[in-house]
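# Structural overview
Chain residues, written in single-letter form:
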Amino acid sequence: MLDFFTIFSKGGLVLWCFQGVRGPAAACTAPVNALIRSVLLQERGGNNSFNHEALTLKYKLDNQFELVFVVGFQKILTLTYVDKLIDDVHKEFRDKYRNEFQQKGTLGLLNGTFDFKEDFLHLLREAEESSKIRAPTAMKTFEQSVKSQKTVKSMIETRGEKPKEKAKNKKNKGSKKEASGTEAATVPSKAASATKQNPPVATGDREELTKEEILQKNREEFFRKRLKGGEKSNKSPKPETQKEKGKKPRVWELGNSNAKVLDYSSSTTNGNTDTCPTEEYDPYVALGDRDREPGRLYDLEYESDEEEPEEEKVIQNPSQPRAKKGGLGGMFGMLKGLVGSKSLTREDMDSVLEKMKDHLIAKNVAADIAVQLCESVAKKLEGKVMGTFTTVTSTVKQALQESLVQILQPQRRVDMLRDIMDAQRHRRPYVVTFCGVNGVGKSTNLAKISFWLIENGFSVLIAACDTFRAGAVEQLRTHTHRLNALHPPESHGGRTMVQLYEKGYGKDAAGIAMEAILYARNQGFDVVLVDTAGRMQDNAPLMTALAKLIAVNTPDLVLFVGEALVGNEAVDQLVKFNKALADHSMAQTPRLIDGIVLTKFDTIDDKVGAAISMTYITSKPIVFVGTGQTYCDLRSLNAKAVVTALMKA
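Residues numbered from 1 in each chain as written. Predicted model: local features only at pLDDT ≥ 70, side-chain atom pairs only at ≥ 80, totals over all residues. Heavy atoms only, no water.

## A few points about the packing of helix α17 (residues 509–523) against helix α18 (residues 540–553)
- Closest axis-to-axis distance for the α17/α18 pair is 9 Å, and the angle between their directions is 25 degrees. Overall, the two elements α17 and α18 adopt an arrangement that is roughly parallel. In the crossing of α17 with α18, the sense of the turn from one axis to the other is right-handed. Residue-level contacts link A509, A510, A513, M514 and I517 of α17 to K548, L549, V552 and N553 of α18.
- Of the residues assigned to the contact of α17 with α18, the class counts are 7 nonpolar, 1 polar and 1 charged. (Axes fitted to C-alpha atoms, helices over the stretch in contact; angles between N-to-C directions. Helix = DSSP H or I, 4+ residues; strand = E, 2+ residues; numbered from the N terminus. Parallel < 35°, antiparallel > 145°, perpendicular 65-115°, else oblique. Left-handed = near helix turned anticlockwise from the far one by under 90°. Contact = heavy atoms within 4.5 Å. Nonpolar A, V, L, I, M, F, W, Y, C, P; charged D, E, K, R; others polar.)

Set out below in structure tokens:
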């Protein structure tokens, strides 16, 4: 049973609506609005179904007349006729009101009356009856199976022989003996040379020979191997030079053989190393670019070369004969192919979309995401009439670029500085939790974000909640020391701008985070950055601990840190992280990932597909992009720059 069926234009004008369940007329408004926000506006039309609360929505786009057909039904129901119904309604509605759409255009939608209820109920009854008529397929009887046609003799197998080759060997026994006799009589010299040149006989040849011939071949191979072994043993071994005991250091051609020259360690006095001079640290080395504006987060830049001309496919109407080359006929034939008077079909776009899909996968976009993107573009363009002097390649490429830009600009934009100032007005610290797999750069990028926040005048407390990895606390302590050297308390009126809250190793991470937030509230810190241990998405105990930390402390922002080097793994990581947070959370509405930090972006050149994969899966924005090793190598995502790099040939 259907809950509703509605037809509306892409401009948002509802043309016709059917309600199958009693209730207010606005019952279908919320699901359709969610479909528009999450799918149609976000260019995620690769799948024609969408789930909203207890409803499943299926939709179809008509790009020629800019219409959307949506049907909604309960998620627990399995309605097999829905796809057929929506296709039939689409065809019937188009055919009935085609002239009105073509003649009046937009005014026809505004002023037209669409009496479609009787037609719809007729199509609905037909679809329901067609689904009931289909009887389940009956199982085959034994007499209808292939096994019943076999004899017992054909199913007997001899050891070491395949069943199909058995009959073949019987047929070829007599012919092989006759052929071998004639060959031996006619060309004895060739047979002798073949036995010398050919090594041991392959298994395929042995199966075609008789048993006597196989035994003879095996004997010849055995004697040949024994003779070779005797010849090798008769050779006198070369006298080996005695090797000197002990290891010798390798001496490179352009290197220095003296190890003392390479020893830069200072000598100890009475075994005490405290008297050795400590390494001097230049704090401005960690800044990188000194000409930057303090506190500003620059956009990600990408320098694109001039676009190379690419081979474009021109639509030609198959019903019209191809013009002959030369003269006016060839010129007018070319113009007819360019003038956009034909609507796009799936066959026109298939070859171009296949190339686009391979190009996206080569640029590190996950394979499933690339397929869904191309499917979404195909649904967006199918049936659309092309403009004048346009080609299939340029049309598909432009539509794909628009879709990618829209995907990289999700619904919610994270503005940390504004949210921190809002938390200051409520006299509480703003809490950010970092999570991700091992080795992606959580601690390093946490230090970069700390530096950016300090330059904007906010004090930061770093909570060392990675109590598992050896050296994690020491790494944060080093970053804290260097950040305090760059921004000493004297420069901020005696106020300590960054401090580390640590409790050592082996402790409960959720408890340490709770104590750090309470300490920050009492000491007046503006921001708390919680560093967590790296964990794989399949590790259930560690994912449970992370869900507990987030559920207990309720941070304002949960950032997933992922590296730009991953391809298909990005999908698996984000899906399983979100699933684990939802499954292990005790709250009714579980807290999931709010944003993404993309690291190691300077190592991938133009293979920027991980940004598309991560944003497409989570529908969450990429808040920060790490582009280097210094504290200033932090950028905000520029969607157009990423798409330019992605579409570069």
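So, next bit.
## As for helix α21 (residues 639–647)
- Burial within α21 is extensive, with 7 of its 9 residues counted as buried.
- As for α21, its buried residues are in contact with α11 (346–362), α13 (392–407) and α20 (609–618). (Buried < 20%, exposed > 50% of the residue type's maximum accessible area, 1.4 Å probe, protein only.)

## Focus: the nonpolar core
- Ranked by internal contacts, the top residues of the largest apolar core, which has 113 residues, are V396, M416, L453, F601 and F624.
- In contact with F624, not counting residues within four places along its chain, are L297, M416, I449, W452, L559, I596, V597, L598, L634 and R635. (Core = buried A, V, L, I, M, F, W, Y, C linked by side-chain atoms within 4.5 Å.)

## Topic: the pattern of salt bridges
- Counted under the stated rule, the structure contains 24 salt bridges.
- K363 is the salt-bridge partner of D606, the closest N and O atoms lying 3.4 Å from each other. With D606 in the loop between β11 (595–599) and α20 and K363 in the loop between α11 and α12 (367–381), this pair connects stretches of sequence that are 243 residues apart.
- A cluster of three or more residues bridged by salt bridges with shared partners is formed by R346, D350 and E375. (Salt bridge = Lys/Arg side-chain N within 4 Å of Asp/Glu carboxyl O.)

## As for the packing of α11 against α13
- Orientation of α11 relative to α13, taken along the N-to-C sense of each, is 50 degrees, at an axis distance of 10 Å. Classified by the angle between their axes, α11 and α13 sit oblique to one another. In the crossing of α11 with α13, the sense of the turn from one axis to the other is right-handed. Each of D348, M349, V352, L353, M356 and L360 in α11 lies in contact with α13, whose residues at this interface are V392, T393, V396, K397 and L400.
- Taken together, the residues that form the contact of α11 with α13 break down as 8 nonpolar, 1 polar and 2 charged.

## Remarks on the UniProt feature "domain: SRP54-type proteins GTP-binding" (unreviewed entry) in the chain
- Annotation from UniProt places "domain: SRP54-type proteins GTP-binding" (unreviewed entry) at residues 621–634.
- Annotated as residues 621–634, this span is 0% helix and 43% strand, and its ends, taken at the C-alpha atoms, are 16 Å apart. (UniProt positions renumbered as here; feature names shortened; annotations may be inferred.)

## A word on α13
- For α13, spanning 16 residues, the distance from its first C-alpha to its last is 22 Å, which sits close to the expected 22 Å at 1.5 Å a residue.
- Along α13, the residues classified as buried are V392, T393, T395, V396, K397, A399, L400, S403, L404, V405 and I407. (Expected span 1.5 Å × (residues − 1).)

## Overview of the side chain of T6
- By the secondary structure assignment, T6 is in strand β1 (residues 2–9).
- Engagement of the side chain of T6 in a polar contact is seen with the backbone oxygen of W16, the distance being 3.4 Å.
- Excluding anything up to four places from it in sequence, T6 contacts V14, W16, C17, V32, V68, F69 and V70. (Polar contact = N/O pair within 3.5 Å; in protein donor to acceptor, adjacent residues only side chain to side chain.)

## Observations concerning unusual backbone geometry
- One non-glycine residue with positive phi stands out, namely N364, at about 80 degrees.
- In this fold, N364 is placed in the loop between α11 and α12.
- Of the residues examined, N364 reaches a relative accessible area of 18% and is grouped as buried.
- You will see that K600, though not glycine, has its phi angle at about 55 degrees, which is positive.
- Summarising the element assignment, K600 is placed in the loop between β11 and α20.
- Looking at K600, the relative accessible area reads 30%, which means it is partly exposed.

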